[in-house]
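# Fold and geometry: a report
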Amino acid sequence: MVERNKKINRIILLFLCISFFQFFIRLYFLHPTFSDETFYFNVAKEFSQGKTLYKDFFFAHSPLQIYLIALFFKIFGVSFFVGKLIPLIFSSLDAILIFLIGKKLAGERVGIIAFLFFLFFPSFLSFSLLEIGVWEAMFFLLFSLYFLLEEKLFLSSIFFSISLFFRYLVIFYFPFLLILVLILRKNAKKYFIFSLLTSFLLFCFFLLLYGKNLFIQTVLFHFYKLNRIAYSQYFQVGYFSLFLSLVSAFVLHKKKNKVFFLFSLIPLIADSFLLIIFSFHYYHYFLFSLPFCILATSAAFVFSKNKIAKAFILLILIFSVLFNLQTIDFYLNPLYAHKFYLMVDLVEKNAGTNETIFGEPVATNFISFVTNRKIAGNYLDSYPFHLKFEGYEKVLSILKEEKPKVLIGMKVKNESYFPFEEILKDYELEKMIGDTPTYFLFRRK
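Here we summarise the structure given alongside this text.

About the cut-offs
Residues numbered from 1 in each chain as written. Predicted model: local features only at pLDDT ≥ 70, side-chain atom pairs only at ≥ 80, totals over all residues. Heavy atoms only, no water. Helix = DSSP H or I, 4+ residues; strand = E, 2+ residues; numbered from the N terminus. Buried < 20%, exposed > 50% of the residue type's maximum accessible area, 1.4 Å probe, protein only. Contact = heavy atoms within 4.5 Å. Areas by Shrake-Rupley, 256 points an atom, 1.4 Å probe, with all protein chains shown as cover. Lys, Arg positive; Asp, Glu negative; His and termini not counted. Charge placed at Lys NZ, Arg CZ, Asp CG, Glu CD. Patch = residues over 30% accessible without salt bridge, like charges linked within 9 Å, V, L, I, M, F, W, Y side chains within 5 Å. Salt bridge = Lys/Arg side-chain N within 4 Å of Asp/Glu carboxyl O. Phe/Tyr/Trp six-rings, centres within 6.5 Å; stacked < 30°, edge-to-face > 60°. Core = buried A, V, L, I, M, F, W, Y, C linked by side-chain atoms within 4.5 Å. Expected span 1.5 Å × (residues − 1). Axes fitted to C-alpha atoms, helices over the stretch in contact; angles between N-to-C directions. Left-handed = near helix turned anticlockwise from the far one by under 90°. Nonpolar A, V, L, I, M, F, W, Y, C, P; charged D, E, K, R; others polar. Pairing = 2+ DSSP bridges.

When its secondary structure is counted, the protein chain shows 21 helices and eight strands. Expressed as lengths along the three principal axes of its C-alpha atoms, the size of the protein chain is roughly 80 × 45 × 40 Å. When each of the 445 residues of the protein chain is scored for burial, the buried share is 56%. A separation threshold of at least 6 residues defines the contact pool for the protein chain, and within that pool the share at least 24 residues apart is 71%. Total accessible area computed for the protein chain in this model is approximately 20,200 Å², and 67% of it derives from carbon and sulfur atoms. The centroid of the 45 positive side-chain charges in the protein chain is displaced by 12 Å from the centroid of its 29 negative side-chain charges.

Below you can see the structure in the form of structure tokens.
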């Protein structure tokens with residue numbers, strides 16, 4: 001007994017050391033990168049300074065992510081570094097919750113292996129420092145799962161509802177939580193009513209607060225997006241969760257472990273469903289499946305007596321990293337941040353503090369956030385699909401009226417963004433910057 005306690009203490013000590021080490025080493029990688037987070041930071045900055053969501057600017061997501069970023073800005077000051085701390089903190093907490101869930105279900109060994117697999121999975125390495133709302137939503141979803149396992153159905157439903165209002169995509173994982181309640185032989189009807197009621201009340205609260213704009217921008221707009229041209233980052237990024245889930249399902253089915261077998265099925269079913277219903281697949285759409293895949297994989301790795309199955313799991317994990325080295329480098333390498341700093345310098349030289357800018361949303365929002373230059377028409381969301389939703393003619397007329405001092409264009413592989421080429425005749429190219437993506441800064445003549 002004493003020997004077992006010593007072993008458990010060593011495992012927990014190892015877990016704590018790795019947790020602290022990975023947290024502090026990742027501080028080095030907090031730098032601007034090509035990500036939607038610059039838009040979220042700028043929205044939160046405007047919100048913290050008194051602007052109203054869904055009224056003073058368009059915002060396509062539920063509000064809790066912006067509330068959280070604005071809270072950090074209020075406490076620690078408005079800065080890019082403070083904003084980047086949020087995904088660092090919450091992705092680390094997600095890893096800890098995965099350890100706790102694995103430990104609760106199958107012991108310390110499964111918990112620590114799940115923790116390690118999660119930390120070294122390419123989607124964690126690539127995206128866990130991006131403030132895209134997913135890591136906070138995942139945190140509350142995992143807490144909901146943890147309380148469900150603790151048989152605290154009401155607390156579980158509350159945390160699920162909070163998760164939902166960080167990212168609506170969480171709704172696709174609710175049926176699996178209901179199935180888990182049935183597997184655990186708890187009151188599924190009670191859990192369903194609790195979750196439905198808390199989510200409905202929260203939605204009504206936000207609807208009363210923001211009115212119909214909330215529904216138009218966070219619900220109707222996403223139905224409008226369903227008509228876009230098909231494009232997928234799912235296989236480009238190469239999650240490999242499909243292969244891990246298949247191997248895990250095979251091993252766990254033989255072991256007759258219903259909970260972990262369910263976890264292995266979640267990525268297969270949920271990801272397939274998302275691939276079918278959406279024509280446009282961003283990488284972060286599938287991140288919510290990752291904890292379930294990792295927990296199932298870790299259980300399969302520990303439970304299996306077959307050395308070939310264990311080796312196959314490790315090979316898939318190794319190949320998943322090797323296959324995604326370019327993606328990991330793109331998001332983690334601080335050398336790629338220089339183009340953002342250069343654009344900031346150029347805008348500060350070419351546009352006064354009372355003049356506006358407009359263009360590709362990632363760079364434009366970063367420049368606006370850092371330099372306090374306003375974006376023309378307050379179109380913080382200048383993604384082409386939103387501008388099409390607003391009406392190109394309406395946006396073009398505002399740009400012609402405001403005459404932004406600087407326009408920012410972008411080209412990356414087959415994707416390009418040049419803000420309204422009709423008005424480029426009034427501008428001259430100031431600078432072409434970098435590659436993948438290449439940015440173009442145009443200064444008004």
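Moving on, we get to a positive patch on the surface. Taken together, the side chains of Arg109, Lys254, Lys255 and Lys305 make up a positively charged region of the molecular surface. By the element assignment, Lys305 lies in the loop between α15 (290–303) and α16 (307–323). By relative accessible area, which is 74% here, Lys305 ends up exposed.

Okay, the packing of aromatic side chains next. On inspection of all chains with the given rule, the structure shows 59 aromatic pairs. On the basis of an interplanar angle of 85° and a centroid distance of 5.4 Å, the ring pair of Phe23 and Phe24 is categorised as edge-to-face. An angle of 75° between the planes, with centres 5.8 Å apart, marks the rings of Phe117 and Phe301 as edge-to-face. On the criterion of sequence distance, the pair formed by Phe117 in helix α5 (residues 108–119) and Phe301 in helix α15 is long-range, its members being 184 residues apart. We note that Phe117, like Phe301, is buried.

Within the largest apolar cluster, 142 residues are counted, with the highest numbers of intra-cluster contacts made by Phe263 and Phe358. At twelve residues, the largest contribution of residues to this core is made by helix α7 (residues 134–149).

The next thing to look at is the pattern of salt bridges. Proximity of charged atoms lets side chains of opposite charge pair with each other. Under the counting rule described, the total for this entry stands at eight salt bridges. Its salt-bridge partner being Glu37, residue Lys84 comes within 2.8 Å of it at the nearest N-O pair. Note that Lys84 is positioned in helix α4 (residues 80–106) and Glu37 in helix α2 (residues 37–48), a separation of 47 residues in sequence. For the pair shown, Lys84 and Glu37 are each scored as buried. Here Glu46 and Lys51 are joined by a salt bridge, their closest N and O atoms 3.0 Å apart.

All right, on to helix α13 (residues 241–255) then. Taking 1.5 Å as the rise per residue, α13 with 15 residues should run 21 Å; its terminal C-alpha atoms sit 20 Å apart, in good agreement. At the exit of α13 stands Lys256, carrying a positive phi of roughly 60°.

The subject of this paragraph is the packing of α2 against α4. A pair of packed helices is captured by two measures, namely the crossing angle of their axes and the spacing between those axes. In the contact formed by α2 and α4, the axes pass within 11 Å of each other and the chain directions differ by 115°. In this structure, α2 meets α4 at a crossing whose hand is right-handed. For the pair α2 and α4, contact is made by Glu37, Thr38 and Phe41 and by Phe80, Gly83 and Lys84, respectively. A breakdown of the residues in the contact of α2 with α4 according to their chemical character gives two nonpolar, two polar and two charged.

Neither face of strand β3 (residues 356–359) is open: one carries Thr356 and Phe358, the other Ile357 and Gly359, and all of them are buried. Alignment of β3 against strand β4 (residues 374–375), held across two bridges, turns out to be parallel. Bridged to Thr356 within β4 is Lys374. Bridge count between β3 and strand β5 (residues 406–412): three bridges; the pairing is parallel. Bridged to Phe358 within β5 is Leu407.

We now examine helix α17 (residues 325–332). Among the residues of α17, those classed as buried are Thr327, Ile328, Phe330, Tyr331 and Leu332. Those residues of α17 that are buried are in contact with α6 (122–127) and α16.

Moving on to a nonpolar patch on the surface. On the surface, a cluster of nonpolar side chains totalling about 560 Å² of accessible area is made up of Leu314, Leu315, Ile318, Phe319, Leu322 and Leu325. Among the elements that take part in the nonpolar patch, α16 stands out by supplying five residues, more than any other. Within the element layout of this structure, Leu315 appears in helix α16. Take Leu315: its relative accessible area is 42%, and that puts it in the partly exposed class.

In short, the description is geometric, and any link to function would need to be established separately.
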